[in-house]
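Here is what each chain is made of, one letter per residue.
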Amino acid sequence: MKLRVAELRRDAGDVLAIRLEHPRRPQLPAWTAGAHVDVHVPGLGVRHYSLWGDPDDRSHYLIAVRREEAGRGGSAWLHQALAPDALLTVAAPRNHFELPEVPRRTLLVAGGIGVTPLLAMARRLTQNNADFAFHYCARSRAAAPLLDELAAICGDRLVTWFPDEGRRFDASTVLAAEPAEADILVCGPQRLAEAVEAAVAARGWPAECFHTERFAALDPGDFVPEPFEAVIASTGAVLSVPAERSLVAVLAEGGIELPTSCESGVCGSCECGYLQGEVVHRDVVLDATRQKTRLMPCVSRGRGRIVLDL
Ligand code: FES
């Protein structure tokens, strides 16, 4: 879609809050809390931005872009080049970061600009009168994006952690104060997500309690890809995937074209199911529960032989 920039607003110093509307249609495609849109930045490719508005109000989308001085240039372009009434190419929303289906006590933990998807979730949880708390970490109150909007939604369920006010977030302490297992959804810097994930494990809660969304590909580290076989359940065809090729490329060669975009396990476009076998997951999209039946064949691989639900 080509969407019109209806409003631009600076927030927390280095954040640009952007309101997007369709130039002709009164309603945009539906979305749910936690969804993001792919924004096409001319000459620089696609960037993902979470929607932080109200899913019930489809007259516009709200995104927020923090200027990343050390980034790849997408945020700098949006900050410099966007002006009211400019047109931006935006794909329909997708959601790889849904609120858990079965409601129970929920902790939302945001770091900085990671507040955006969680703000939409907080709005939904408030509407549902759900039991939740929102822990918001930022360098300082002045550097915390969308703080006013968040405070208006959460009320006294908002707990702020600003080091310059003498309050540092400690995931272990926060979890220790919870009397029973809760769902924890985290969005922010990787070290924040890792700290919360470690605290969940240390508290003895199952990995399924922890949910996060990452927008950067996994560090390849010392991962060494190995060849494997993929069986197509519906046809019985057996495809050999060499170590140096991706499963999605071999599938395409075999006549099964899955949609792709990032080809690095970040966007979720190529997701498919599997029925049997051991999968080495290399994406940052699927949580532990979905990884039991789904995989991202642009980066994830099988061990030995896997059966694909295609
Ligand atoms: S193409 Fe983006 S996750 Fe596979």
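In this text the structure is predicted, and so the values were computed from the model without any measurement. (Residues numbered from 1 in each chain as written. Predicted model: local features only at pLDDT ≥ 70, side-chain atom pairs only at ≥ 80, totals over all residues. Heavy atoms only, no water.)

## Some words on the domain arrangement of the protein
Counted only if it meets this: How far each domain reaches was decided by an automatic or database domain assignment.
You can read the domains of the protein as domain 1 (2-90), domain 2 (106-212) and domain 3 (228-309). Here domain 1 and domain 3 have C-alpha centroids that lie 31 Å from each other.

## Some details on the UniProt feature "domain: FAD-binding FR-type" (unreviewed entry) in the protein
Note the cut-off: UniProt positions are given in the numbering used here, feature names are shortened, and annotations may be inferred rather than shown by experiment. The secondary structure listing takes helices from DSSP runs of H or I that are at least 4 residues long and strands from runs of E that are at least 2 residues long, numbered from the N terminus.
The sites that UniProt annotates as "domain: FAD-binding FR-type" (unreviewed entry) are residues 1-100. For residues 1-100, the helix share is 8%, the strand share is 39%, and the end-to-end C-alpha distance is 29 Å.

## Overview of the pattern of salt bridges
We apply this condition: The rule for a salt bridge is simple: a side-chain nitrogen of Lys or Arg has to be within 4 Å of a carboxyl oxygen of Asp or Glu. Accessibility here uses a 1.4 Å probe with only protein chains present; expressed as a share of the type maximum, an area under 20% marks a residue as buried, one over 50% as exposed, and anything in between as partly exposed.
As enumerated under the stated definition, the model contains 19 salt bridges in all. A salt bridge links Arg4 to Asp85, with the nearest nitrogen and oxygen atoms 2.5 Å apart. Of the two residues, Arg4 is situated in strand S1 (residues 2-11) and Asp85 in the loop between helix H1 (74-81) and strand S6 (87-90); the sequence distance between them amounts to 81 residues. According to the relative accessible area criterion, Arg4 is partly exposed, its value standing at 25%. Exposure remark for Asp85: the relative accessible area of 51% places this residue in the exposed category. For Glu271, the salt bridge identified is with Arg290, shortest N-O distance 3.2 Å. Note that Glu271 is positioned in the loop between helix H6 (247-253) and strand S14 (272-280) and Arg290 in the loop between S14 and strand S15 (294-295), a separation of 19 residues in sequence.

## Some thoughts on the environment of Ile306
So the rule is basically this: Two residues form a contact once any of their heavy atoms are found within 4.5 Å.
Secondary-structure assignment places Ile306 in strand S16 (residues 301-309). Put simply, Ile306 and Ala252 are 54 residues apart on the chain and 17 Å apart in space, counted from C-alpha to C-alpha. Once residues lying within four places of it in the same chain are set aside, the contact partners of Ile306 are Phe228, Glu229, Ala230, Val231, Leu247, Gln276, Gly277, Glu278, Val279 and Leu295.

## Quick look at the pairing of strand S10 (residues 183-187)
We apply this condition: Two strands form a pair only when DSSP identifies at least two bridges running between them.
With five of five residues buried, S10 lies mostly within the body of the structure. Of the two faces of S10, both are covered, the one formed by Asp183, Leu185 and Cys187 as well as the one formed by Ile184 and Val186. Bridge count for strand S7 (residues 106-111) against S10 is five bridges, and the pairing is parallel. From the neighbouring strand, Ala110 faces S10, where its bridge partner is Cys187. Sheet topology places S10 next to strand S11 (residues 210-212); three bridges connect them, and they run parallel.

## Concerning the packing of aromatic side chains
This is how it is decided: The rule is short: rings of Phe, Tyr and Trp, with Trp giving its six-membered ring, pair when the centres are within 6.5 Å, and they are stacked under 30 degrees, edge-to-face over 60, tilted in between. Consider the ring centre and the ring normal. A charge sits over the ring if Lys NZ or Arg CZ is within 6 Å of that centre and within 35 degrees of that normal.
Summed over the entire model, instances satisfying the criterion amount to three aromatic pairs. Each ring, one from Tyr136 and one from Phe162, has its centre 6.5 Å from the other, and the planes form 70°; the classification is edge-to-face. With Tyr136 in strand S8 (residues 132-137) and Phe162 in the loop between strand S9 (158-161) and helix H4 (171-176), the pair connects residues that are 26 residues apart, well separated along the chain. The exposure class assigned to Tyr136 is buried, which follows from its relative accessible area of 0%. Judged by relative accessible area, which is 1%, Phe162 ranks as buried. Three or more aromatic residues link up through ring pairs in this structure, and these residues are Phe134, Tyr136 and Phe162. Above the face of the Trp161 ring, Arg167 is positioned so that its terminal group lies 4.2 Å from the ring centre. Note that Arg282 overlies the ring of Phe223, its terminal NZ or CZ placed 4.1 Å from the centroid.

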